[in-house]
Amino acid sequence: MLEKLGDTKFDAVCDCSKLKRAVPGYQATVRFEEGVRRCVDYILAHPELQQEDQEFDAWCDRVIEALEAAKAKI
């Protein structure tokens, strides 16, 4: 189980058991922070990956709206 403590409102605890069942023997070799830095560097180095995707943006908006509606019902 990974634990992320930081400056967020809530600390996050990630249960990786489902991933470990799906990919037996997998062992991360790069820390999360380093992986994020590599991803950002890669995207910044490839302008073709920086194009706006209106269909994906619309999907994200629908997901956020659904989550907000679900939270309002709780």
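Residues numbered from 1 in each chain as written. Predicted model: local features only at pLDDT ≥ 70, side-chain atom pairs only at ≥ 80, totals over all residues. Heavy atoms only, no water.

### As for the overall build of the protein
Definition in use: Only DSSP runs of H or I covering at least 4 residues are called helices, and only runs of E covering at least 2 are called strands; the numbering of each starts at the N terminus. Residue exposure (1.4 Å probe, protein chains only): buried if accessible area is under 20% of the type maximum, exposed if over 50%, otherwise partly exposed. In short, Shrake-Rupley with a 1.4 Å probe defines the accessible areas, and a residue's cover is counted only from the protein chains shown.
What the protein contains, in helices and strands, is 3 helices and 2 strands. For the protein, the succession of helices and strands along the chain, N to C, is β-β-α-α-α. Counting all 74 residues of the protein, 1% fall into the buried class. Summed over its atoms, the accessible surface of the protein is roughly 7300 Å², and 59% of this surface lies on carbon and sulfur atoms.

### Observations concerning the confidence of the model for the protein
Using the following cut-off: Confidence scores per residue from the predictor, reported as pLDDT, run from 0 to 100.
Looking at the protein, the pLDDT average stands at 85 and 81% of residues meet or exceed 70. Between the elements of the protein, mean pLDDT differs from a low of 50, seen in strand 1 (residues 2-4), to a high of 96, seen in helix 3 (residues 54-73).

### Thoughts on the pattern of salt bridges
Definition in use: The rule for a salt bridge is simple: a side-chain nitrogen of Lys or Arg has to be within 4 Å of a carboxyl oxygen of Asp or Glu.
Within this structure, the stated rule accounts for 5 salt bridges. In this structure, Glu33 and Arg31 form a salt bridge, with 3.6 Å as the shortest nitrogen-oxygen distance. When its relative accessible area of 63% is taken as the criterion, Arg31 is described as exposed. The partner of Arg38 in a salt bridge is Glu34, and the shortest N-O contact between them spans 3.1 Å. Here the residue Arg38 and the residue Glu34 both occupy positions in helix 2 (residues 32-45), the gap between them amounting to 4 residues, near one helical turn. Overall, Glu34 belongs to the partly exposed group, its relative accessible area being 27%.

### Here's the deal with helix 3
Note the threshold: Here, expected helix span is obtained from the residue count minus one, scaled by 1.5 Å. Two N or O atoms count as a polar contact when they lie within 3.5 Å, although within protein this holds only if one can serve as hydrogen donor and the other as acceptor, and sequence-adjacent residues are included solely when both atoms are side-chain atoms.
Spanning 20 residues, helix 3 covers 29 Å between terminal C-alpha atoms, matching the ideal 28 Å at 1.5 Å per step. Between a side-chain oxygen at the N-terminus of helix 3 and the backbone nitrogen of Glu55 the separation is 3.2 Å; the capping residue is Asp53.

### Some details on a negative patch on the surface
Threshold: Residues qualify for a patch when their relative accessible area is over 30% and they have no salt bridge, like charges being joined within 9 Å and the nonpolar side chains of Val, Leu, Ile, Met, Phe, Trp and Tyr within 5 Å. Under the convention used here, Asp and Glu are negative, Lys and Arg are positive, and both His and the chain ends fall outside the count. Just so you know, the charge point we use is NZ for Lys, CZ for Arg, CG for Asp and CD for Glu.
A cluster of acidic side chains, namely Glu52, Asp53, Glu55, Asp57, Asp61 and Glu65, defines a negative patch on the protein surface. For Glu52, the location among the structural elements is in the loop between helix 2 and helix 3. Looking at Glu52, the relative accessible area reads 64%, which means it is exposed.

### Some words on a nonpolar patch on the surface
On the surface, a nonpolar cluster with roughly 400 Å² of combined accessible area is contributed by Phe32, Val36, Val40 and Leu44. Topologically, Leu44 is positioned in helix 2. The exposure class of Leu44 is exposed, given its relative accessible area of 59%.

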